[in-house]
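Overview (structure and organization)
So the chains spell out like this:
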Amino acid sequence: MRNLLVLLLSLFLLFSCSTFMSTEGPEWTRTTPTHSGYVVFVGNGTGSDERSARADAYMNLLEQVGYELGYDAVSPYYRQLLSTDAIAPLEAVITNTYSSPINDGTSYYAMLEIPESIYYSSRSEEYSASIERTGRIGELLDSALESYRENHDTEALIDVLNALDLSLSGPVMNDSYSPQLILEQAVEYLRNIEITVMRGGRGTDVSIRMRRSKGFMHPAIVGGLAEAGYTMVNGDGEAIDSFVTLMTDEDGTARFFRTNPYMLWDGTISFSVYIPEDLIASIESKAPEGFLSSLFSLLDDSTVYYSYDEDYLLPPSDTVIAVAEYGEDGVQLGLSTALNSFSSYLEKASVSGYAIVPGEGEEELEVLGNLQSDYPGLDNYILLRVGIVDSESGGGVEYVLAEAQLSFYRNGESEPYTVKQLVVSGGGEDEEAAGEAALVRAGSAAAGMFLSEL
């Protein structure tokens, strides 16, 4: 038995000494070197593969650097170090790496060198900035709490997100001001905001109410900022998203109504908590990818929608629209270019049911007379007359200028009650192509003017 114990003790000492005395890997992985004019850090990390082990080693490096400088160096520098092997503000560079397999995966070493002059000057400058940043974050969080007490919940949310932006901008001196903890506060503020839609007047005349989803009687959110999103058609006839910001009153309500004539006449309006786009962009530029996913997910979940079908002030059953197109000589063209463009624009704006026909006649009253003769007894007669007025060449491109006039007549009247005019140009490889482009643009622009009268 005694011999067995001696043998086991000998084996234990042999393996212990072997591990302790191992010389695997370069010397700098065991003893941090001294390089004249530089401050040297050596970080070590492990992972299931070399990529994860490297990330762990770089995290370890920045934790050491932060400890020596007196602030958190991980938040502002980790992303940059991983992607560039350097920290530009500190002129720090990874100068050596070493990896080796271990039982559970990979061990990784990395050497970071910082010029002494930069290191020591950064130490004082960054430390002062860190103190200032920490104080400002505290002010913003206090302001958020005060806004919340006064039921200004969206102001509170924006204050917290500004604090989050600051926490990602550089080191802070308070562990409770970490980006993750501040993000959790922002998510909690957002989670407590509830938007409901209340049917208002006709079509797009609609009100919303914003209130807190918890607390006694679910108090109304005062001065709450909501973003209304809808689809509109731009000057080129393309459907695009547009947004407007609403503010709630003392009762937590805000009203949305159509102010944009290019808004679709049959569509959906979304209402969500408003967060400044530039603030979100600033946070995303500093945070790891996907950092704000919990906030975005909650923002989507809290968005409410309202479908509408707007009534027309000019009923399609009592309205006819005639489009006449003319050449530069004033002679009517046998084309439907502007007419097709006009019709296509209205279709994309979800406006339907109108009779849109070719106009016939050289002068406006002639076109009107023919239209009234073909469609007698209607309440509204609308004329769109488009003519090419000039052309020129430049830079190998032909340009054509077109004018358009949109006139609104009531039945039995020879004078229009509304007249809208516009001038557009079109370019092309030859005069014919340029003319066609000008007529297309004139038709689309005139359709936009027509929408403003609906």
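All values reported here derive from a predicted model rather than from experimental measurement. (Residues numbered from 1 in each chain as written. Predicted model: local features only at pLDDT ≥ 70, side-chain atom pairs only at ≥ 80, totals over all residues. Heavy atoms only, no water.)

The secondary structure content of the protein amounts to 11 helices and 16 strands. Taken against the 2.2 N^0.38 rule, which gives 22 Å for 454 residues, the C-alpha radius of gyration of the protein at 35 Å runs more than 25% over that of a compact globule. Overall, the C-alpha framework of the protein stretches about 125 × 65 × 50 Å when taken along its three principal axes. Buried positions account for 45% of the 454 residues belonging to the protein. Sequence separation of 24 or more characterises 63% of the internal contacts of the protein that already satisfy a separation of 6 or more. Accessible area of the protein: about 23,200 Å², with a carbon and sulfur share of 50%. Each charge sign in the protein was given a centre, from 24 positive and 70 negative side chains, and these centres are 11 Å apart. (Helix = DSSP H or I, 4+ residues; strand = E, 2+ residues; numbered from the N terminus. Rg over C-alpha atoms; globule rule 2.2 N^0.38 Å. Buried < 20%, exposed > 50% of the residue type's maximum accessible area, 1.4 Å probe, protein only. Contact = heavy atoms within 4.5 Å. Areas by Shrake-Rupley, 256 points an atom, 1.4 Å probe, with all protein chains shown as cover. Lys, Arg positive; Asp, Glu negative; His and termini not counted. Charge placed at Lys NZ, Arg CZ, Asp CG, Glu CD.)

We now examine the nonpolar core. Core analysis: the biggest nonpolar cluster contains 88 residues, and F271 and F450 have the highest contact counts within it. With residues up to four places along the chain from it excluded, the contact list for F271 reads I195, V197, V206, I208, E227, A228, L246, F256, S302, T303, V304 and Y306. In terms of nonpolar packing, the next biggest core, distinct from the first, is built from 25 residues, V39, F41, L69 and A73 among them. (Core = buried A, V, L, I, M, F, W, Y, C linked by side-chain atoms within 4.5 Å.)

Once that is clear, we can look at the pairing of strand β12 (residues 319–326). Counting buried positions over the 8 residues of β12 gives 8, a clear majority of the element. Of the two faces of β12, the one lined by T319, I321, V323 and E325 and the one lined by V320, A322, A324 and Y326 are each fully buried. As defined by bridge partners, β12 adjoins strand β13 (residues 355–358) across 4 bridges and the pair is classed as parallel. Paired with A322 across the two strands is V357, which belongs to β13. (Pairing = 2+ DSSP bridges.)

Our focus in this paragraph is helix α5 (residues 153–167). An ideal rise of 1.5 Å per residue puts 21 Å on 15 residues; α5 measures up with 21 Å between its terminal C-alpha atoms. Those residues of α5 that sit buried are D153, T154, A156, L157, I158, D159, V160, L161, A163, L164, D165 and S167. (Expected span 1.5 Å × (residues − 1).)

In this description, an aromatic ring pair is defined by two values, namely the gap between the centres and the angle between the planes. In the structure shown here, the tally under the stated rule is 12 aromatic pairs. The interplanar angle of 90° and the centroid separation of 5.4 Å between the aromatic rings of Y354 and F450 together place this pair among those described as edge-to-face. In this pair, Y354 sits in the loop between α9 (337–348) and β13 while F450 sits in helix α11 (residues 431–451), placing the two residues 96 residues apart along the sequence. Here Y354 matches F450 in class, with each residue buried. Among the aromatic residues, ring-to-ring pairing joins W265, Y312, F342, Y354, F408, Y417 and F450 into one connected group. R212 extends its terminal NZ or CZ atom over the ring of Y148, reaching a point 3.8 Å from the ring centre. For R258, the ring lying beneath its charged end belongs to W265, and the centroid distance is 3.9 Å. (Phe/Tyr/Trp six-rings, centres within 6.5 Å; stacked < 30°, edge-to-face > 60°. Lys NZ or Arg CZ within 6 Å of the ring centre and 35° of its normal.)

Our next topic: the pattern of salt bridges. Between side chains of opposite charge, a pair can form when the charged atoms approach closely. Across all of its chains, the model carries 12 salt bridges by this definition. Of the charged contacts in the structure, one is a salt bridge between R255 and D205, with a shortest N-O distance of 2.8 Å. Of this pair, R255 sits in strand β9 (residues 253–256) while D205 is found in the loop between β5 (193–199) and β6 (206–212), placing the two residues 50 residues apart along the sequence. Look at R255 and you get partly exposed, because its relative accessible area is 48%. In this structure, K420 and E453 form a salt bridge, with 3.3 Å as the shortest nitrogen-oxygen distance. In this pair, K420 is assigned in strand β16 (residues 418–428) and E453 in the segment after α11, connecting sequence segments 33 residues apart. For E453, a relative accessible area of 23% corresponds to the partly exposed category. (Salt bridge = Lys/Arg side-chain N within 4 Å of Asp/Glu carboxyl O.)

Do not read the predicted coordinates in detail wherever pLDDT is low. Summing up the model confidence of the protein, the mean pLDDT is 89 and the portion of residues at 70 or higher is 93%. Long-range and interchain partners of residues 1–23, a stretch whose pLDDT sits below 50, account for 2 contacts in this model, where long-range means more than four residues apart. (pLDDT = per-residue confidence, 0-100.)

Look at helix α2 (residues 50–69) against helix α3 (residues 74–84): their axes get within 10 Å of each other, and the N-to-C directions meet at 140°. Taken together, α2 and α3 sit at an angle that is classed as oblique. Viewed along their axes, α2 and α3 form a crossing whose handedness is right-handed. Here R54, A55, Y58, M59, L62 and E63 of α2 come into contact with α3, specifically with V74, Y77, Y78, L81 and L82. By residue class, the composition of the contact of α2 with α3 is 9 nonpolar, no polar and 2 charged. (Axes fitted to C-alpha atoms, helices over the stretch in contact; angles between N-to-C directions. Parallel < 35°, antiparallel > 145°, perpendicular 65-115°, else oblique. Left-handed = near helix turned anticlockwise from the far one by under 90°. Nonpolar A, V, L, I, M, F, W, Y, C, P; charged D, E, K, R; others polar.)

When we look at burial in helix α10 (residues 364–374), the residues that qualify are E364, V367, L368 and L371. The arc enclosing the buried residues of α10, seen along the axis, measures out at 100°, which places them on a common side. Facing away from the buried side of α10 by more than 90 degrees, the exposed set consists of L365 and S373. Along its buried surface, α10 packs onto β12, β13, β14 (380–394) and β15 (397–410). (Arc of directions from axis to C-beta.)

Turning to the sheet that holds strand β1 (residues 38–47), a few remarks are in order. Read across the sheet, 4 strands follow the order β1-β4-β3-β2 without closing on themselves; strand pairing throughout is antiparallel. The strands lining the two open edges of the sheet, one partner per strand, are β1 and β2 (86–87). Helix-sheet contacts for α2 involve β1, β2, β3 (92–102) and β4 (105–115), and the interaxial angle to β1 is about 140°.

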